[in-house]
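Each chain, written out:
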Amino acid sequence: MLHATNQTSRALRIAIVMDPIASIKPAKDSTLVMMLAAQKRGHHLFYLQQGDLWLRDGIAWGRVCPIEVLDSHNQWATLGDPQPERLDQMDVVLMRKDPPFDMEYIYTTYILERAEAAGVLVLNKPAGLRDMNEKVYTAWFAHCCAPTLITRNMEDMRGFLHEHQHIVCKPLHGMGGRSIFVVNQSDKNASVIFETMTNYGQQFAIVQKYLPEIVETGDSRILIIDGQPAPYALARIPATTDHRGNLAAGAQGKGRELNDRDRWLVSQIGPVLRDKGMLFVGLDVIGGFVTEINVTSPTGIRELDKQFNCDIASLFIAAIEKRFA
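Residues numbered from 1 in each chain as written. Predicted model: local features only at pLDDT ≥ 70, side-chain atom pairs only at ≥ 80, totals over all residues. Heavy atoms only, no water.

### Regarding the pattern of salt bridges
Okay, step 1: Scanning all chains against the criterion turns up 19 salt bridges.
Okay, step 2: Here Arg 158 and Glu 155 are joined by a salt bridge, their closest N and O atoms 2.5 Å apart. Linking Arg 158 with Glu 155, this pair stays in helix H4 (residues 154–164), spanning three residues, or about one helical turn.
Okay, step 3: Given a relative accessible area of 27%, Arg 158 falls into the partly exposed group.
Okay, step 4: A salt bridge links Arg 263 to Asp 260, with the nearest nitrogen and oxygen atoms 3.8 Å apart. Here Arg 263 and its partner Asp 260 are both found in helix H7 (residues 260–275), three residues apart, which amounts to about one turn of the helix.
Okay, step 5: For Arg 263, a relative accessible area of 44% corresponds to the partly exposed category.
Okay, step 6: Among the charged side chains, a salt-bridge network with shared partners connects Asp 219, Arg 221, Arg 236 and Asp 284. (Salt bridge = Lys/Arg side-chain N within 4 Å of Asp/Glu carboxyl O. Helix = DSSP H or I, 4+ residues; strand = E, 2+ residues; numbered from the N terminus. Buried < 20%, exposed > 50% of the residue type's maximum accessible area, 1.4 Å probe, protein only.)

### Overview of the sheet that holds strand S10 (residues 166–171)
Okay, step 1: On the basis of which strands lie adjacent, the open sheet formed by four strands has the order S9-S12-S10-S11 and antiparallel pairing. Every other strand in the sheet has two partners, leaving strand S9 (148–151) and strand S11 (181–184) as the edge strands with one partner each. The sheet shows a mean angle of 25 degrees between the axes of neighbouring strands, taken without regard to direction.
Okay, step 2: Sheet analysis places S9 next to strand S12 (residues 205–209), joined by four bridges and oriented antiparallel. Bridge assignment links Ile 150 to a residue of S12, and that residue is Ile 206.
Okay, step 3: Lying over the sheet, helix H5 (residues 190–198) contacts S9, S10, S11 and S12, oriented at roughly 25 degrees with respect to S10. (Pairing = 2+ DSSP bridges. Axes fitted to C-alpha atoms, helices over the stretch in contact; angles between N-to-C directions. Contact = heavy atoms within 4.5 Å.)

### Things to note about the packing of helix H1 (residues 30–40) against helix H8 (residues 301–308)
Okay, step 1: Between H1 and H8, the least distance of the axes is 8 Å, while the angle of their chain directions is 65 degrees. By the angle class used here, H1 and H8 are roughly perpendicular. Counting all contacts with H1, which are made through Ser 30, Leu 32, Val 33, Met 34 and Leu 36, the residues of H8 involved are Ile 301, Arg 302 and Asp 305.
Okay, step 2: Looking at side-chain class alone, the contact of H1 with H8 contains five nonpolar, one polar and two charged residues. (Parallel < 35°, antiparallel > 145°, perpendicular 65-115°, else oblique. Nonpolar A, V, L, I, M, F, W, Y, C, P; charged D, E, K, R; others polar.)

### Some points on a nonpolar patch on the surface
Okay, step 1: Side chains of Met 103, Tyr 107 and Tyr 110 sit close together on the surface and give an oily, nonpolar patch of about 320 Å² of accessible area.
Okay, step 2: Topologically, Met 103 is positioned in helix H2 (residues 103–117). (Patch = residues over 30% accessible without salt bridge, like charges linked within 9 Å, V, L, I, M, F, W, Y side chains within 5 Å. Areas by Shrake-Rupley, 256 points an atom, 1.4 Å probe, with all protein chains shown as cover.)

### Remarks on the sheet that holds strand S13 (residues 219–225)
Hydrogen bonds along the backbone pair up the strands of a sheet, which may run parallel or antiparallel.
Okay, step 1: Spatial strand order, S15-S14-S13-S16-S17: five strands in an open sheet with antiparallel pairing. Only two strands of the sheet have a single partner each, and these edge strands are strand S15 (252–257) and strand S17 (289–294). Neighbour-to-neighbour, the strand axes of this sheet turn through a mean angle of 30 degrees, independent of strand direction.
Okay, step 2: Two elements, strand S16 (residues 280–286) and S17, share five bridges in a ladder whose sense is antiparallel. Counterpart to Val 285 in the pairing with S17 is Val 290.
Okay, step 3: With respect to the sheet, helix H9 (residues 312–322) is in contact with S13, strand S14 (228–237) and S16, its orientation differing from that of S13 by roughly 35 degrees.

Just geometry here; none of it tells us what the structure is for.
Shown next, in the form of structure tokens:
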């Protein structure tokens with residue numbers, strides 16, 4: 001069981017790389033609640049965006065702004081003046097920039113990896129962010145997943161559809177439920193969907209067996225902190241007019257207690273992620289099967305905290321503090 005006990009007596013300098021803080025939705029934003037938890041525990045926070053990072057002669061720099069945060073829906077952040085600073089003057093850098101996972105994202109991980117080489121704790125680990133595509137990395141845990149095919153070949157997709165009758169087709173780079181198609185054997189649009197997803201065989205896409213449990217029990221997000229599960233999962237129930245279990249696509253978030261299958265999945269995946277430096281990860285689970293492993297900027301903290309009066313972000317900050325004990 002995770003506990004948010006104090007693990008270090010000194011204040012840490014924590015830099016957070018994220019999207020523009022002025023444009024977040026504070027009632028739902030997990031990065032903001034992480035910052036609130038860190039501030040409450042006495043740590044010093046600094047804010048920057050991707051464009052504020054650079055390398056000079058192999059040294060990682062950032063144009064950082066001291067920041068104070070409030071748990072408010074109106075004015076949730078107060079920024080100080082930006083100042084150039086070597087990232088190795090920080091104790092921790094949190095990489096919380098949302099996808100798209102493009103070349104700019106990859107270049108950012110290179111910069112952060114130089115900070116890591118200088119002794120900074122970077123979370124999640126930059127090499128892991130590059131290596132663990134959130135859909136492809138499920139292949140490392142195939143025994144936890146429903147039947148899955150990753151291919152550029154449209155005939156192979158048609159064969160997979162014929163085998164399973166009802167499938168889900170997704171791009172490998174998407175997020176938030178974008179461009180997800182549910183296809184059945186009689187769907188006359190199947191060929192068009194396969195052509196679109198693969199750009200006529202020029203790019204990889206993923207197809208998975210459709211799991212009907214999503215209609216009733218939803219797409220559950222299980223948060224893993226330092227290899228251990230948070231105490232509750234967030235079941236995202238699709239709207240009646242949609243098939244996607246994504247909050248960004250209108251799904252409703254309903255918290256639930258973990259079951260034995262959830263704990264088994266975490267036991268298979270959590271320790272591997274922890275050992276690879278992935279301290280905060282989200283598993284997406286439908287019908288007891290993992291569909292994605294979210295390592296970039298998993299969300300769901302706010303919804304669970306509100307429904308169960310818990311403090312998941314403090315568990316995460318305590319896990320960071322443990323590294324400095």
